[in-house]
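Here are the chains, one letter per residue:
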Amino acid sequence: GLPFERSILIKSLFFLDALGSSTWGRFSAIYYNCHSLNSQHIGLIEGLRTAVPTISMVVWGVVADSFHCRKFVWIMTKLASTCILLLLAVPYVYRSFVRILVVSVSAQLFVSSGILDAFTLEQLGAEKKMYYGRYRLYASLSWG
């Protein structure tokens, strides 16, 4: 595989990336229920949260590949997505369905999961790409 320090870094990134996604994915509906959203509101938010990344992941992938900055794009999109999602803790935001919708969908504009995979494969190189599963496994472990 990779040198020890780089290996630990990539395994940690996979673990933490999937941990955040799995946690919010499991408990977002509870959050929405706690803020008195009805099933139609929750369905709309969850539907858009699923649809938006189908476009945003492609866009971020093109940016990362075009400018040869996979790690930078992944870190910046993860940071942006996290900061936007944290706005859901602000009373001004969570008191309005429209604001919850805008924040929830806006966070999805910065989803770039595949970039971490591409970065890992790039680090491994052609001769060591068979070790990719040993790194990706840490994302699966975080799902519990």
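What counts and what doesn't
- Residues numbered from 1 in each chain as written.
- Predicted model: local features only at pLDDT ≥ 70, side-chain atom pairs only at ≥ 80, totals over all residues.
- Heavy atoms only, no water.
- Helix = DSSP H or I, 4+ residues; strand = E, 2+ residues; numbered from the N terminus.
- Buried < 20%, exposed > 50% of the residue type's maximum accessible area, 1.4 Å probe, protein only.
- Patch = residues over 30% accessible without salt bridge, like charges linked within 9 Å, V, L, I, M, F, W, Y side chains within 5 Å.
- Areas by Shrake-Rupley, 256 points an atom, 1.4 Å probe, with all protein chains shown as cover.
- Salt bridge = Lys/Arg side-chain N within 4 Å of Asp/Glu carboxyl O.
- Contact = heavy atoms within 4.5 Å.
- Axes fitted to C-alpha atoms, helices over the stretch in contact; angles between N-to-C directions.
- Left-handed = near helix turned anticlockwise from the far one by under 90°.
- Nonpolar A, V, L, I, M, F, W, Y, C, P; charged D, E, K, R; others polar.

S.K.: Which parts of the structure should I look at to understand unusual backbone geometry?
M.R.: In most cases, non-glycine residues show a negative phi, while peptide bonds are predominantly trans. Look at Ser36: it is not a glycine, yet its phi comes out positive at around 60°. Along the chain, Ser36 turns up in the loop between helix H1 (4-34) and helix H2 (39-66). Accessibility expressed as a relative area gives 66% for Ser36, which makes it exposed. Within the chain, His68 stands out as a residue other than glycine whose phi angle is a positive 50°. Relative to the helices and strands, His68 is located in the loop between H2 and helix H3 (70-86).

S.K.: Which parts of the structure should I look at to understand a nonpolar patch on the surface?
M.R.: Residues Phe15, Leu16, Leu19, Leu137 and Leu141 make up a contiguous nonpolar surface patch of roughly 430 Å² in combined accessible area. For the nonpolar patch, the secondary structure elements donating two or more residues are H1 and helix H7 (132-142). Per-element tally for the nonpolar patch: the top contributor is H1, with 3 residues.

S.K.: Please clarify how the environment of Phe110 should be interpreted in this entry.
M.R.: Along the polypeptide, Phe110 turns up in the loop between helix H5 (97-108) and helix H6 (113-124). Judged by relative accessible area, Phe110 falls into the partly exposed class, the value being 25%. In this structure the C-alpha to C-alpha distance between Phe110 and Met57, which are 53 residues apart in sequence, comes to 7.7 Å. Look past the residues within four positions of Phe110 in its chain and what remains in contact with it is Trp60, Thr77, Lys78, Ala80, Ser81 and Ile84.

S.K.: Just to check I follow, could you spell out the pattern of salt bridges for this structure?
M.R.: If charged atoms from side chains of opposite charge come close, those side chains can pair. Under the definition given, this model contains 5 salt bridges. Between Arg70 and Asp65 there is a salt bridge; the shortest N-O distance is 2.9 Å. Several salt bridges converge on common partners, so that one network encompasses Asp65, Arg70 and Glu122.

S.K.: Where do I start with the packing of H1 against H7 in this structure?
M.R.: What describes two packed helices is the angle between their axes and the distance between those same axes. Closest axis-to-axis distance for the H1/H7 pair is 7 Å, and the angle between their directions is 35°. Note that H1 runs across H7; the crossing there is right-handed. Counted together, Ser7, Ile10, Lys11, Phe14, Phe15, Ala18, Leu19 and Ser22 of H1 and Tyr132, Arg134, Tyr135, Arg136, Tyr138, Ala139, Leu141 and Ser142 of H7 form the full contact between these two elements. A breakdown of the residues in the contact of H1 with H7 according to their chemical character gives 10 nonpolar, 3 polar and 3 charged.

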